[in-house]
Amino acid sequence: MKISKMKVLFSSMLVLLLLAVAGCSGDSPSSDSSTDGSAKGENVKQEITYAATSDIVGLSPIDTNDSVSTAMIGQIYETLFTRNGETMEIEPLLAKSYENPDKNTWVIKLKEGIKFQDGTDFNAEAVKYTFDQFMDPKRAAPRASLLEPIESVEVKDEYTVVIKTKYPYGPLLAALSHKNASIVSPTADKDGDIMSDPVGTGPFEFVERVQGDHVTLKKNENYWQGEPALEKVTMKVVPEYSTAVSMLETGEVQFIDGIPAEHLARIKSIETVEVQTKEGTPVYYLGFNMNKEPFSDQDFRKAIAHAVNTEAYVKQLNGLGVQNDSIIGPKVFGYKEEAKDAGYEYDPEKAKEILKDNGYKGQKITLLASNSGSYMKMAEIVQSQLNEVGLDVSIESMEWGTFLDTTAQGNFEMTFLGWTNSTADGSELLYPNLHSDNIGSSNRMNYNNPEFDKLVDQSRTLVDQEARLQKLHEANMLAIKDAVWVPMNHGVVSAAYDKSVKGLDLDPTGTWSLYNVSRE
């Protein structure tokens, strides 16, 4: 950083500090979480504090399936393959290369000389152990569907694994790039609990977790690609986003993501902060528990779809969302433009007519919403719109972890969820969320349609990518017409960070790595 810029940064931070002291009588940031030592003329500490509105569920890639946990898991663990955020192509990471001697066989060569953070070797045995655990029904991995097509994982030699699939599986490399397919230390998993004491091959090591407060990581000095610049990473749990913004402004935290629209203008007004946005792969939706009436009735779901004005909702996002009727989003493989307007148009009079004709006028509904992200905003808007067409709608909110447990158990009527789509592949959106194979796990809506299942199965078993695209499109159109979800918006991934933070780059999937990040 040039001296002139350092002076500007110093002045801005000093003003912010004076304002904070003059205007607040509560707790001030501790010295441990302060931005840096620049007020004393020292160099910025190579530390970063990230604010999350919810706590992690855990730190095992095998045993979790939520975006908050994934953010930290992605710093600790690594996958065999990764998706290039610029080209969206799959590239080797822990893997060195691969080949397909036949349509159901994948021979994967691994990079050598890599150690887990506990000092044990990364090798073919570790890959086999991880995937065997992931596929073990007794372990009940939430994202077991990722590896469902795999028949066996065998060790050919110390650095070669052979994966046999039950059928030709086009999205395998995409599945192996998913954070939940990260490779864990067998020793750590056997001897301890990697939910609370994780061990991977990544650039940062676990230090501690204080439930409901923070997670702390330190740099992995022996990281195989070279140690990171950051010495310490802290995820701070800050339930109120407005509080997180204030902490960003005062320098108590240096990084927040998933910016809600109502906070965007304020964040952009902070002179010491950069904002990064990118059209991404996430989709956020209103879903129905199809194990309960009247939510199992397609006519009822159509009425709801006609009653919800998603375009009006997206306009309130101030550029942080894209309106599209399609379940598969524009940045996801399997999307065709035809799906954009294939849903049920906003028509409250039509909604009233359907509700009246089917005896649903005045129906009581409880909308379940997590208190994190924009879910409560979605719930409030939808509640108002549904009440306007003659329904009696209330909202129940829950903390993120409790919400995940509740929806997994089927204890809801209608709810709001999101899917980050970390593989950017439509098969890995439709299969886990809506295929009947996953009822009782990731198919929380309990959708069961044999015709849909067949199309999704074909999209997974074909290797020809054009043929896969067509099958995904057909499945997508069928689900749209069946009103299985009301897509509220397709995500624009976003982050705000202190200008001292350099090297941070958002992936279209909303994920990020702190390996190349430094403070100046």
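From a predicted model like this one, the values you see are computed outputs, not experimental measurements.

Caption draft 1: Spatial organisation of the overall build of the chain. Secondary structure assignment for the chain yields 15 helices and 19 strands. A compact globule built from 520 residues would reach a C-alpha radius of gyration of about 24 Å, and the chain, at 24 Å, matches this within 12%. If one aligns the C-alpha atoms of the chain with their principal axes, the spans along those axes are about 70 × 65 × 40 Å. Taking all 520 residues of the chain together, the buried fraction comes to 56%. Considering only contacts in the chain between residues 6 or more positions apart, those separated by 24 or more positions represent 69%.

Caption draft 2: Examining unusual backbone geometry more closely. A cis amide bond links Glu-293 to the next residue, Pro-294, at an omega of 0°. Take Pro-294: it is sitting in the loop between strand 12 (273-288) and helix 8 (298-307). A positive phi is found at Ala-483, a non-glycine position, where the angle reads about 55°. Along the chain, Ala-483 turns up in the loop between helix 15 (465-481) and strand 17 (485-498).

Caption draft 3: The arrangement of the pattern of salt bridges in detail. On inspection of all chains with the given rule, the structure shows 18 salt bridges. Notably, a salt bridge pairs Glu-148 with Arg-460, separated by 3.0 Å at the nearest N-O pair. A residue pair is termed long-range when its members are at least 10 positions apart, and Glu-148 in the loop between helix 3 (124-135) and strand 6 (150-157) and Arg-460 in helix 14 (residues 450-461) qualify at 312 residues. Between Asp-505 and Lys-278 there is a salt bridge; the shortest N-O distance is 3.6 Å. Taken as a pair, Asp-505 in the loop between strand 18 (501-502) and strand 19 (518-519) and Lys-278 in strand 12 lie far apart in primary sequence, 227 residues in all. Through salt bridges with shared partners, one network takes in Arg-143, Glu-148, Lys-166, Glu-428 and Arg-460.

Caption draft 4: Quick look at the packing of aromatic side chains. As enumerated under the stated definition, the model contains 15 aromatic pairs in all. Judged by centre distance (5.0 Å) and plane angle (75°), the rings of Tyr-223 and Tyr-515 are edge-to-face. Taken together, the residues Tyr-223 in the loop between strand 9 (214-219) and strand 10 (232-237) and Tyr-515 in the loop between strand 18 and strand 19 connect sequence positions 292 residues apart. For the pair Phe-255 and Trp-512, a centre-to-centre distance of 4.8 Å together with 75° between the ring planes defines the contact as edge-to-face. Residue Phe-255 is located in strand 11 (residues 255-257), and its partner Trp-512 is located in the loop between strand 18 and strand 19; the two are separated by 257 residues in the primary sequence. Across this residue pair, the class does not change: Phe-255 and Trp-512 are buried. Grouped by ring-pair contacts, the aromatic residues Tyr-284, Tyr-375, Trp-400 and Phe-403 constitute a single cluster. Arg-460 extends its terminal NZ or CZ atom over the ring of Tyr-431, reaching a point 3.5 Å from the ring centre.

Caption draft 5: Region of interest: the pairing of strand 17. The element strand 17 is largely enclosed, with a buried count of 14 among its 14 residues. As judged from the 3 bridges shared by strand 11 and strand 17, these two strands associate in the antiparallel manner. Paired with Asp-257 across the bridge in strand 17 is Ala-495. Two strands pair when backbone bridges link them, and strand 12 and strand 17 are joined in this way by 12 bridges, in the antiparallel orientation. Directly across from Tyr-285, in strand 17, lies its bridge partner Pro-487. Relative to strand 17, strand 13 (residues 321-322) runs antiparallel, the two sharing 2 bridges. Each bridged residue has a counterpart across the sheet, and for Val-322 the counterpart in strand 17 is His-490.

Caption draft 6: Expanded view of the confidence of the model for the chain. Of all residues in the chain, 92% have pLDDT values of 70 or greater, and the mean over the chain is 90. Within the model, pLDDT remains below 50 along residues 1-41, and this stretch shows 33 contacts once partners closer than five positions in the same chain are excluded.

Caption draft 7: Spatial organisation of the sheet that holds strand 4 (residues 95-102). Within the open sheet, the 4 strands sit side by side as 4-5-7-6. Their pairing is antiparallel. With one partner strand each, in any of the chains shown, strand 4 and strand 6 form the two edges of the open sheet. Put simply, the sheet's adjacent strands are angled 20° from each other on average, direction ignored. Relative to strand 7 (residues 160-165), strand 6 is paired through 6 bridges, and the arrangement is antiparallel. For Ser-152, the partnering residue across the bridge sits in strand 7 and is Lys-164. Across the sheet, helix 3 touches strand 5 (105-110), strand 6 and strand 7, and the angle it forms with strand 6 is around 165°.

Caption draft 8: Representation of helix 8 within the structure. In terms of burial, helix 8 is a largely internal element, 7 of the 10 residues being buried. Within helix 8 the residues assigned to the buried category are Phe-300, Arg-301, Ala-303, Ile-304, Ala-305, His-306 and Ala-307. Along its buried surface, helix 8 packs onto strand 12, helix 10 (348-357), strand 14 (364-370), helix 11 (375-388), strand 16 (414-419) and strand 17. With a side-chain oxygen lying 2.9 Å from the backbone nitrogen of Asp-299, the N-terminal cap of helix 8 falls on Asp-297.

Caption draft 9: Examining the pairing of strand 1 (residues 47-52) more closely. With 6 of 6 residues buried, strand 1 lies mostly within the body of the structure. Neither face of strand 1 is open: one carries Glu-47, Thr-49 and Ala-51, the other Ile-48, Tyr-50 and Ala-52, and all of them are buried. Two elements, strand 1 and strand 11, share 2 bridges in a ladder whose sense is parallel. Bridge pairing in strand 11 places Tyr-50 opposite Phe-255.

Parameters and conventions
- Residues numbered from 1 in each chain as written.
- Predicted model: local features only at pLDDT ≥ 70, side-chain atom pairs only at ≥ 80, totals over all residues.
- Heavy atoms only, no water.
- Helix = DSSP H or I, 4+ residues; strand = E, 2+ residues; numbered from the N terminus.
- Rg over C-alpha atoms; globule rule 2.2 N^0.38 Å.
- Buried < 20%, exposed > 50% of the residue type's maximum accessible area, 1.4 Å probe, protein only.
- Contact = heavy atoms within 4.5 Å.
- Salt bridge = Lys/Arg side-chain N within 4 Å of Asp/Glu carboxyl O.
- Phe/Tyr/Trp six-rings, centres within 6.5 Å; stacked < 30°, edge-to-face > 60°.
- Lys NZ or Arg CZ within 6 Å of the ring centre and 35° of its normal.
- Pairing = 2+ DSSP bridges.
- pLDDT = per-residue confidence, 0-100.
- Axes fitted to C-alpha atoms, helices over the stretch in contact; angles between N-to-C directions.
- Polar contact = N/O pair within 3.5 Å; in protein donor to acceptor, adjacent residues only side chain to side chain.

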